[in-house]
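Secondary and tertiary structure notes
Each chain, written out:
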Amino acid sequence: MNHKIAIVGFGGMAGWHYDEIQTIGNLEIAGIWDIREERRQCAAEKGLHVYGSLEELLADQESDLVLIATPNDVHKPVAIAAMKAGKNVISEKPVTLSSGDLQEMMDVSEETGRFLTVHQNRRWDEDYLTVKKILEEGKLGELFRLESRVHGSRGIPGDWRQEKEHGGGMILDWGVHLLDQILLLFADVPLRRVYATVTNVTNQLVDDGFYAELVFANGVTALVEVGTSNFVSLPRWYILGTDGTAVIEDWSLNGRIVRASGVDEKDVTPVITAAGLTKTMAPRRDDSIFTEELPKVKSDVREFYYNVMAVLEGREESLIRLPQVMRVMKLMEAIAKSAETGEAVRFEE
Ligand code: NAD
């Protein structure tokens, strides 16, 4: 069955969707609408149909799907109008700015019977899928800590992402991806407590980075950090279990797993520092550890669209479930609250 998708907002991310859709069978672009003439012209140059208004786009009976790739504050009104006009909706992330707004969108989806989903494409990131595999295989023994970071050094982008009213800030921008990944790893484990701080190095209006400690009911703590003034990046993932440690340095999946070999280190050679000596912090002897390659996982992010089409045809359940999206939205609110009050926030208790 063929599907036709109309795109609202034809900026940077819509360009990515455009390229991807060219490689997907049974999916065509019906046309686009953008408030900026320059972007409408860009679409026309690619041979796309350009609607005269949002209303015209929504009235077109040719399309069964609408992709919303506008700034974050525009997702909700367009999604609601689209569902009321009979369209199924893919919203870019973050789905909207608050859990109350998301509830309204979910209510309209329920009332109209239209499918609403969110482009949580980073569920297909290979570094994340590799972490998932390491944990599923129990390679590190019992997990007790996990750290997930993305670091850049150019500050927050100088567009609408700098403005609160458009849903700017890094919690909503990158945080939504990293928190979604962590909550999926612990889908059935209540998250008890959240402590967070934000940075305002390059921007005073919205957060240009944040740091959140998440304490789960099974005793695992997860640190999630987004930084935009970090000229030296820390590893993308650092995972600690009782039997070993995994590090994933970057998106190219450089990294390793180091595990205890079972050989007892009877005579640890102490490290002599300028001011004393230590055995506790001395490096491991080579025969007491194994170093292994990461169990790298390959992915195809087009599965997102294949799944959306299968849902519309009644063949599959949605991979992105709205209660999962709601859990992330509430967590982003808890992070903002903790950062504002300077206190840990209780969650899912
Ligand atoms: P952008 O500024 O490049 O593009 C947004 C476009 O929307 C602009 O062309 C703008 O003119 C248009 N627009 C603004 N208001 C509009 C309205 N009311 N109606 C129609 N068009 C309107 O921004 P972007 O980087 O493409 O981000 C767009 C969305 O995609 C955001 O929600 C962002 O969070 C998301 N995004 C997702 C990913 C991802 O990996 N999933 C990556 C980048 C951006």
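Residues numbered from 1 in each chain as written. Predicted model: local features only at pLDDT ≥ 70, side-chain atom pairs only at ≥ 80, totals over all residues. Heavy atoms only, no water.

1. Examining helix α1 (residues 12-21)
Along α1, the residues that are buried comprise Ala14, Gly15, His17, Tyr18, Glu20 and Ile21. Where α1 is buried, its residues meet β1 (3-8), β2 (27-33), β3 (65-68), β4 (88-92), β5 (116-119) and α8 (303-312). (Buried < 20%, exposed > 50% of the residue type's maximum accessible area, 1.4 Å probe, protein only. Helix = DSSP H or I, 4+ residues; strand = E, 2+ residues; numbered from the N terminus. Contact = heavy atoms within 4.5 Å.)

2. Focus: the sheet that holds β2
Whenever strands of a sheet pair, they do so through backbone hydrogen bonds, lying parallel or antiparallel. Read from one edge to the other, the open sheet built from five strands follows the order β2-β1-β3-β4-β5, with strand pairing classed as parallel. Looking at the sheet topology across the chains shown, the edges are occupied by β2 and β5. Within this sheet the neighbouring strands show an average axis-to-axis angle of 25°, counted without direction. Where β1 and β2 come together, six bridges link them in parallel fashion. (Pairing = 2+ DSSP bridges. Axes fitted to C-alpha atoms, helices over the stretch in contact; angles between N-to-C directions.)

3. Remarks on the side chain of histidine 177
Along the chain, the position of histidine 177 falls in helix α7 (residues 170-185). Residue histidine 177 is classed as buried on the basis of its relative accessible area, which comes to 6%. Apart from the residues within four sequence positions on either side, histidine 177 is in contact with Lys93, Gln120, Asn121 and Arg122.

4. A short note on the domain arrangement of the protein
Think of interface size as the accessible area that goes away when the parts come together; that is how it is often given. By the assigned domains, the protein splits into domain 1 (3-119) and domain 2 (123-241 + 294-300 + 330-346). Inter-centroid distance (C-alpha atoms) of domain 1 to domain 2 is 27 Å. Between domain 1 and domain 2, the residue contacts involve nine residues of the former and 10 residues of the latter. The junction of domain 1 with domain 2 conceals about 830 Å² of combined surface from both sides, 56% of it contributed by carbon and sulfur atoms. The largest share of the area that domain 1 buries against domain 2 comes from Asn72, Lys93 and Ser99, three residues that together contribute 47% of it. Applying the counting rule to domain 1 against domain 2 returns one salt bridge. The shortest N-O distance in the salt bridge between aspartate 173 and lysine 93 comes to 3.5 Å. There are five residue pairs in polar contact (both at pLDDT 80 or more) connecting domain 1 and domain 2. (Domains from an automatic or database assignment. Buried area = accessible area lost by both parts, 1.4 Å probe. Salt bridge = Lys/Arg side-chain N within 4 Å of Asp/Glu carboxyl O. Polar contact = N/O pair within 3.5 Å; in protein donor to acceptor, adjacent residues only side chain to side chain.)

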